[in-house]
Amino acid sequence: DAGVTQSPTHLIKTRGQQVTLRCSPKSGHDTVSWYQQALGQGPQFIFQYYEEEERQRGNFPDRFSGHQFPNYSSELNVNALLLGDSALYLCASSPRRVGRTEAFFGQGTRLTVV
Amino acid sequence: ELKVEQNPLFLSMQEGKNYTIYCNYSTTSDRLYWYRQDPGKSLESLFVLLSNGAVKQEGRLMASLDTKARLSTLHITAAVHDLSATYFCAVDIWPGTASKLTFGTGTRLQVTL
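Note on numbering: residues in each chain are counted from 1, in written sequence order. Chain letters start at A and ligand numbers start at 1, both assigned in the order the entries are written. Confidence filtering applies because this is a predicted model: local features only for residues at pLDDT of at least 70, side-chain atom pairs given and counted only at 80 or more, and all residues used for totals across whole chains, interfaces and linings. Neither water nor hydrogens contribute to the side-chain values; these are computed over all heavy atoms in the structure.

Visitor: Sorry, what's going on with the interface of chain B and chain A here?
Guide: A common way to report how large an interface is uses the accessible area buried once the components associate. At the junction of the two partners, chain B supplies 23 residues and chain A supplies 28 residues. Of the roughly 1,900 Å² buried between chain B and chain A, counting both surfaces, carbon and sulfur atoms make up 49%. The term salt bridge refers to a pairing of a side-chain nitrogen on Lys or Arg with a carboxyl oxygen on Asp or Glu at a separation within 4 Å. Across the chain B-chain A interface, the total number found is zero salt bridges. Definition of a polar contact: a pair of N or O atoms within 3.5 Å, with one able to donate and the other able to accept a hydrogen when the atoms are protein atoms, and with sequence-neighbouring residues admitted only if both atoms are side-chain atoms. At the junction of chain B and chain A, the tally comes to four residue pairs in polar contact (both at pLDDT 80 or more). Among the elements of the structure, strand E4 (32–37), strand E5 (43–49) and strand E10 (101–103) of chain B are those that each provide at least two residues to the side of chain B that touches chain A. Residue composition of the side of chain B that touches chain A, by class: 10 nonpolar, nine polar and four charged. Every residue pair with non-hydrogen atoms within 4.5 Å of one another is taken to be in contact. Reported buried area values correspond to the accessible surface (1.4 Å probe) lost by two parts on association, with both partners' losses combined. Helix and strand assignments follow DSSP, with helices taken as H or I runs no shorter than four residues and strands as E runs no shorter than two, numbered in order from the N terminus. Under the convention adopted here, Pro, Cys and the residues Ala, Val, Leu, Ile, Met, Phe, Trp and Tyr are nonpolar, Asp, Glu, Lys and Arg are charged, and Gly plus all remaining residues are polar.

In structure tokens, the structure reads:
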């Protein structure tokens, strides 16, 4: 089992550009959530995808958007990048069933905006 | 809005000593998670606490949950250098899958020889 995989691992972009990050969930998981972790802080929830739709969203502007594909993989898109978007972006997957489940995190994508 | 607070934010302790990290949260929840993060790395799941009074232990770490007090603790027994990392607690208040987590600020643990 490959676990949750993210790509790329590192990325450098210029202010104003757009970026796409990718996530493949753990085998058997159909729900993907994205988190932003700024340096020295705890991760913050961006949004969650299930059945190819955004189900929940955190306090992030519309510049942050996403997509989920039929194979459950997901993309996070950020438009009009700001310096403050520099962070570690973490993807977490879990199986959607009512009850007590655990979210598994990928290794993250380190985004640097210059 | 759910708030999760950890203390201390930074903990320097000698090998062999015991200490406790505290995690307080502001809204009723019976699902709390502890994660470990090494510098530049992702989050490693340590414990999943799913009911009031839950206690779990793994090696030198023991976690507990008191849902009435809205408090979880992570106790470190006889610390060793390998435990140096940042520890996060996270709370989930949404039904269904555990994926909208609200994290604490983290406790950076440094174990000195």
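Visitor: What is the right way to look at the nonpolar core in this model?
Guide: It is characteristic of soluble globular proteins that their nonpolar side chains tend to be buried jointly. What is meant by a nonpolar core is a set of buried Ala, Val, Leu, Ile, Met, Phe, Trp, Tyr and Cys residues, joined one to another through side-chain atoms within 4.5 Å. Per-residue accessibility, obtained with a 1.4 Å probe over protein chains only, is compared with the maximum for each type, and a residue is labelled buried under 20%, exposed over 50%, and partly exposed between these values. Core analysis: the biggest nonpolar cluster contains 25 residues, and Leu32, Trp34, Leu74, Ile76, Tyr87 and Leu109 of chain B have the highest contact counts within it. For this core, the elements supplying multiple residues, two or more each, are strand E2 (10–14), strand E3 (19–25), E4, E5, strand E7 (61–66), strand E8 (71–76), strand E9 (85–92) and strand E11 (107–112) of chain B. Among the elements that line this core, the one with the most residues is E9 of chain B, at four residues. Setting aside anything within four residues of it in sequence, one finds Leu109 of chain B in contact with Leu11, Met13, Ile76, Leu83, Ser84, Ala85 and Tyr87 of chain B. The next biggest cluster of nonpolar side chains, apart from the first, holds 20 residues, and it includes Ile46, Phe47, Phe64 and Leu81 of chain A.

Visitor: In this structure, what is going on with the sheet that holds E8 of chain B? I would like to understand it.
Guide: All names here are of chain B. The criterion for strand pairing is that DSSP finds at least two bridges linking the strands in question. Strands sit in the order E1-E3-E8-E7-E6 across an open sheet of five strands; the sheet is antiparallel. The sheet is open, and its two borders are formed by strand E1 (4–7) and strand E6 (55–58), each paired with just one other strand. Each strand of the sheet is rotated relative to its neighbour by a mean of 15 degrees, with strand direction disregarded. One ladder, built from six bridges, connects E3 with E8; its direction is antiparallel. Orientation is described by axes fitted as lines to C-alpha atoms, over the contacting stretch for helices, and by angles from 0 to 180 degrees between their N-to-C directions.

Visitor: Mind showing me how you'd approach the environment of Pro95 of chain A here?
Guide: Residues and elements named next belong to chain A. Topologically, Pro95 is positioned in the loop between strand E9 (87–94) and strand E10 (104–105). We classify Pro95 as buried; its relative accessible area is 15%. Sequence separation of Pro95 and Asp85 is 10 residues, and the distance between their C-alpha atoms is 29 Å.

Visitor: In this structure, what is going on with the layout of surface pockets? I would like to understand it.
Guide: Where empty space is left in the structure can be found by rolling a water-sized probe over the atoms. Residues are said to line a cavity or pocket when one of their atoms sits within 4 Å of a point; the points come from a 1 Å grid over protein atoms alone, cavities being sets where a 1.4 Å probe fits but cannot get out and pockets being open sets with protein on both sides within 12 Å along at least five of seven lines. Grid points are joined across faces, edges and corners, and a volume is the space filled by probe spheres set on the points. Considering only enclosed or pocket space, the largest pocket measures out at about 650 Å³ in volume. Along the wall of the largest pocket there are 21 residues; nearest its centre are Gln44 and Phe45 of chain A together with Glu1, Leu2 and Thr102 of chain B. Counting residues per element, the ones that place at least two in the lining of the largest pocket are strand E5 (44–50) of chain A together with E10 of chain B. Here the element with the most residues in the lining of the largest pocket is E10 of chain B; it accounts for three residues. Of the residues contributing to the lining of the largest pocket, the split by class is nine nonpolar, eight polar and four charged. In this structure, the second largest pocket spans a volume of roughly 430 Å³. Around the second largest pocket sit 23 residues that line it, and Gly40 of chain A together with Gln37, Pro39, Thr86 and Arg108 of chain B are the ones nearest its centre. Broken down by secondary-structure element, the contributors of at least two residues to the lining of the second largest pocket are E9 and E11 of chain B. If you tally residues by element for the lining of the second largest pocket, the top one is E11 of chain B, at four residues. Among the residues forming the lining of the second largest pocket, the class breakdown is eight nonpolar, 11 polar and four charged.

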